[in-house]
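# Summary of structural features
Here's the letter readout for the chains.
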Amino acid sequence: MVKAIRVHELGGPEVLKWEDVEIGEPKEGEIRVKNKAIGLNFIDIYFRKGVYKAPTMPYTPGMEAVGVVTAVGPGLTGRQVGDVVGYGGNPMGSYTEEQILPAEKVVPVPSSIDPIVAASVLLKGMTAQFLVCRCFKVEPGHTVLVHAAAGGVGSLLCQWANALGATVIGTVSTKEKAAQAKEDGCHHVIIYKEEDFVTRVNEITSCKGVEVVYDSVGKDTFQGSLECLKPRGLMVSFWPIVWHNRPCSFASTWSEIAVLDEAFPHAIQHNPG
Ligand SMILES: NC(=O)c1ccc[n+]([C@@H]2O[C@H](COP(=O)([O-])OP(=O)(O)OC[C@H]3O[C@@H](n4cnc5c(N)ncnc54)[C@H](OP(=O)(O)O)[C@@H]3O)[C@@H](O)[C@H]2O)c1
């Protein structure tokens, strides 16, 4: 038996229960991992509240962790007991002392990297990499707008876009987060509770707009984000619920909607005329 956080019913943080669970031994292709650090992501909340449907009920939340291999499945090569490994994404179930994982889902974590750091950037880092390198390729000279700039994904996006040579504009809710966003490489920080972000982006860019908006917020920022784009700029919405509430009605005025993956993210190109 190991201890894990379990969810038996949908709701707020109070539905998280600390319980004994039986995880068994790894089968073919699997490893058993004793977690050293567990990453938290906003998606954990979506599952807990029922916005997304968990694969089972009850279930163990969590999609990111780093730990030590304590057992390997029969015939498995390439991983051994004592290895420090990490994963981000599926399978869900990292809020636990130990878990069984498919060996192919983990990557080795070098001793030079603190497990806490690794567990906090694997999923968010892959997300950021996809967003700045593949969904829209950020290049020197670009101006990018990042909402929730001090959040998990947002702070990585700002650092990465800055390192790629872009001018980074970030939006945040508070002064404290503004300081954090500055530290993370934002050249301009907009505290959206105090000033209208569309007006400020227009001022900062001399009404030229930005090449790309990374919008993880959704309903409250969607229209304004579109207004910040320069012609043929790209709006990347990676808050999937927006599409449940506002299906592709923007297609008539904002063309070239590309659904790059079933759930994430959605890109819209501003293509006037
Ligand atoms: N983690 C990933 O790898 C990943 C992958 C794909 C998609 N996403 C999506 O990206 C978004 C951010 O994820 P994250 O893991 O980086 O989360 P996070 O660290 O918790 O950041 C969320 C930030 O969003 C801002 N926010 C704006 N409106 C909000 C609201 N109504 N409720 C809560 N926060 C609000 C807040 O910043 P301010 O206070 O500054 O507004 C908050 O700090 C989520 O929609 C998530 O589904 C994340």
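Please refer to the structure placed before this passage.
Here's a quick rundown of the structure.

Definitions and cut-offs
Residues numbered from 1 in each chain as written. Predicted model: local features only at pLDDT ≥ 70, side-chain atom pairs only at ≥ 80, totals over all residues. Buried ≥ 20, exposed ≤ 12 C-beta atoms within 10 Å, placed from the backbone. Helix = DSSP H or I, 4+ residues; strand = E, 2+ residues; numbered from the N terminus. Pairing = 2+ DSSP bridges. Right-handed = clockwise from strand over helix to strand, strands pointing away. Expected span 1.5 Å × (residues − 1). Contact = placed C-beta atoms within 7 Å. Core = buried A, V, L, I, M, F, W, Y, C linked by C-beta atoms within 7 Å. Domains from an automatic or database assignment. Axes fitted to C-alpha atoms, helices over the stretch in contact; angles between N-to-C directions.

Another aspect to go through is the pairing of strand E11 (residues 210-215). Taking burial as the measure, the 6 residues of E11 include 6 buried ones, the bulk of the element. In this sheet, E11 lies alongside strand E8 (residues 143-146) in parallel orientation, the contact comprising 3 bridges. Counterpart to Leu145 in the pairing with E11 is Val213. Both E11 and strand E12 (residues 229-237) contribute to a ladder of 5 bridges, which runs parallel. Paired with Val213 across the bridge in E12 is Met235. Note that the unit made of E11, helix H6 (residues 222-227) and E12 has a crossover that is right-handed.

With 12 residues, helix H3 (residues 152-163) extends 17 Å between its outermost C-alpha atoms, agreeing within 8% with the 16 Å of an ideal straight helix rising 1.5 Å per residue. Taking burial as the measure, the 12 residues of H3 include 9 buried ones, the bulk of the element. Looking only at H3, the buried set comprises Gly152, Val153, Gly154, Ser155, Leu156, Leu157, Cys158, Trp160 and Ala161. At its buried positions, H3 is contacted by helix H2 (115-135), E8, strand E9 (167-172), helix H4 (175-183) and E11. At the exit of H3 stands Gly165, carrying a positive phi of roughly 100°.

Take the nonpolar core next. Of all hydrophobic cores here, the largest spans 65 residues; its most connected members are Val144, Leu157 and Val236. At 9 residues, H2 tops the list of elements feeding residues into this core. Both domains that furnish three or more residues to this core are identified here as domain 1 (2-120) and domain 2 (136-269).

The strand order across the open sheet formed by 5 strands is E6-E3-E4-E5-E7, and the pairing between neighbours is antiparallel. Edge positions in the open sheet fall to strand E6 (98-102) and strand E7 (107-108), since each of these has one partner strand only. By the bridge criterion, 5 bridges tie strand E4 (residues 64-72) to strand E5 (residues 84-88) in an arrangement that is antiparallel. Along E5, the bridge assignment pairs Glu64 with Gly88. Together, strand E3 (30-38), E4 and E5 form the strand contacts of H2, whose direction differs from that of E5 by roughly 30°.

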